[in-house]
Amino acid sequence: SIASLKELRKLDLSGNLLTGSIPRSIGDLTKLEQLMLDNNELEGEIPKEIGKLRQLYDLRLHNNHLSGSIPQEIGALQFLEMLSISRNRLTGEIPSSIGNMVSLMGVWLQSNQLSGKIPIEIGSLAKLKYFWVYQNDLEGGVPQVITWLPNLVEFKVDSDVLSNTSEQVLEYLKLKLNCLTC
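Only a predicted model underlies this, so the values are computations on that prediction, with no experimental measurement involved.

Here is what the cut-offs are and how they apply
Residues numbered from 1 in each chain as written. Predicted model: local features only at pLDDT ≥ 70, side-chain atom pairs only at ≥ 80, totals over all residues. Heavy atoms only, no water. Helix = DSSP H or I, 4+ residues; strand = E, 2+ residues; numbered from the N terminus. Rg over C-alpha atoms; globule rule 2.2 N^0.38 Å. Contact = heavy atoms within 4.5 Å. Areas by Shrake-Rupley, 256 points an atom, 1.4 Å probe, with all protein chains shown as cover. Lys, Arg positive; Asp, Glu negative; His and termini not counted. Charge placed at Lys NZ, Arg CZ, Asp CG, Glu CD. Salt bridge = Lys/Arg side-chain N within 4 Å of Asp/Glu carboxyl O. Buried < 20%, exposed > 50% of the residue type's maximum accessible area, 1.4 Å probe, protein only. Polar contact = N/O pair within 3.5 Å; in protein donor to acceptor, adjacent residues only side chain to side chain. Pairing = 2+ DSSP bridges. Axes fitted to C-alpha atoms, helices over the stretch in contact; angles between N-to-C directions.

1. Section: the overall build of the protein
Thought 1: The number of helices and strands found in the protein is two helices and 12 strands.
Thought 2: In the protein, the succession of helices and strands from N to C terminus is β-β-β-β-β-β-β-β-β-β-β-β-α-α.
Thought 3: Taking 2.2 N^0.38 as the reference for a compact globule, 182 residues should give roughly 16 Å; the C-alpha atoms of the protein span a radius of gyration of 16 Å, in line with that estimate.
Thought 4: Projected onto its principal axes, the C-alpha positions of the protein cover 55 × 25 × 25 Å.
Thought 5: Pairs at least 24 residues apart make up 47% of the contacts formed inside the protein by residues separated by at least 6 positions.
Thought 6: Element-wise, carbon and sulfur atoms account for 48% of the exposed surface of the protein, whose accessible area totals about 8,600 Å².
Thought 7: Charged side chains of the protein number 17 positive and 21 negative; the gap between the two group centres comes to 6 Å.

Put into structure tokens, the structure is as follows:
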């Protein structure tokens with residue numbers, strides 16, 4: 001079993017047409033720094049045990065068939081810099097625990113079925129450069145806290161989210177990013 005590889009630091013199984021689900025035992029690989037399972041045929045939920053991978057700085061699960069919600073436990077990944085779980089079938093809200101992930105520089109959640117609002121907790125992600133959440137079912141506008149992100153260079157959201165955004169935030173995005181990418 002892969003869980004017996006306790007010293008494993010990088011697991012890259014990208015583009016291998018893997019099927020099935022991500023095993024819960026993935027949480028036993030506590031020294032893992034990079035987990036790349038993107039571009040496969042994986043199904044099922046993201047196991048909450050992923051929150052045990054406290055050394056992880058790169059998580060790529062994009063281009064699969066993952067469903068269910070993003071587990072709140074993902075917020076325990078304080079060293080995570082890149083979170084790419086786009087192009088799946090994820091539902092529910094973006095977890096508020098994302099605000100605990102203070103090392104995040106890139107978040108790619110586009111092309112899922114996420115709902116609710118962009119959590120205000122993203123205001124604590126001072127290192128964030130990329131935040132892509134377009135092609136989801138988000139509502140409620142862009143929160144004011146987006147103006148607290150000094151390093152933001154790309155912010156991609158659907159136009160209906162922008163339509164519920166305050167003029168002050170829209171002006172900030174226009175000035176900061178030189179355009180609104182929707």
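Once the structure has been displayed, the description carries forward.
2. Quick word on the pattern of salt bridges
Thought 1: Scanning the model with the defined rule gives four salt bridges in all.
Thought 2: Between Lys31 and Glu7 there is a salt bridge; the shortest N-O distance is 3.0 Å. One end of the pair, Lys31, is in the loop between β1 (10-12) and β2 (34-36); the other, Glu7, is in the segment before β1, with 24 residues separating them in the sequence.
Thought 3: Since its relative accessible area comes to 31%, Lys31 is described here as partly exposed.

3. Focus: the side chain of Asn88
Thought 1: Among the structural elements, Asn88 can be located in the loop between β6 (82-84) and β7 (89-93).
Thought 2: A distance of 3.1 Å separates the side chain of Asn88 from the backbone oxygen of Leu61, its partner in a polar contact.
Thought 3: Among the polar contacts made by the side chain of Asn88, one reaches the main-chain amide nitrogen of His65 at a distance of 3.3 Å.
Thought 4: When near neighbours in sequence (up to four residues on either side) are disregarded, Asn88 contacts Leu61, His62, Asn63, Asn64, His65, Leu66, Ser111 and Asn112.

4. Details of the sheet that holds strand β8 (residues 106-108)
Thought 1: Across the sheet, seven strands lie side by side as β1-β2-β4-β6-β8-β10-β12; this open sheet has parallel pairing. At either end of the open sheet lies a strand with only one pairing partner, and these are β1 and β12 (154-156). If you compare each strand with its neighbour and ignore which way they point, the axes differ by 10° on average.
Thought 2: Looking at chain direction, β8 and strand β10 (residues 130-132) are connected through three bridges and run parallel. Looking at the pairing, Trp108 lines up with Trp132 of β10.

Just distances and angles here, no functional claims.
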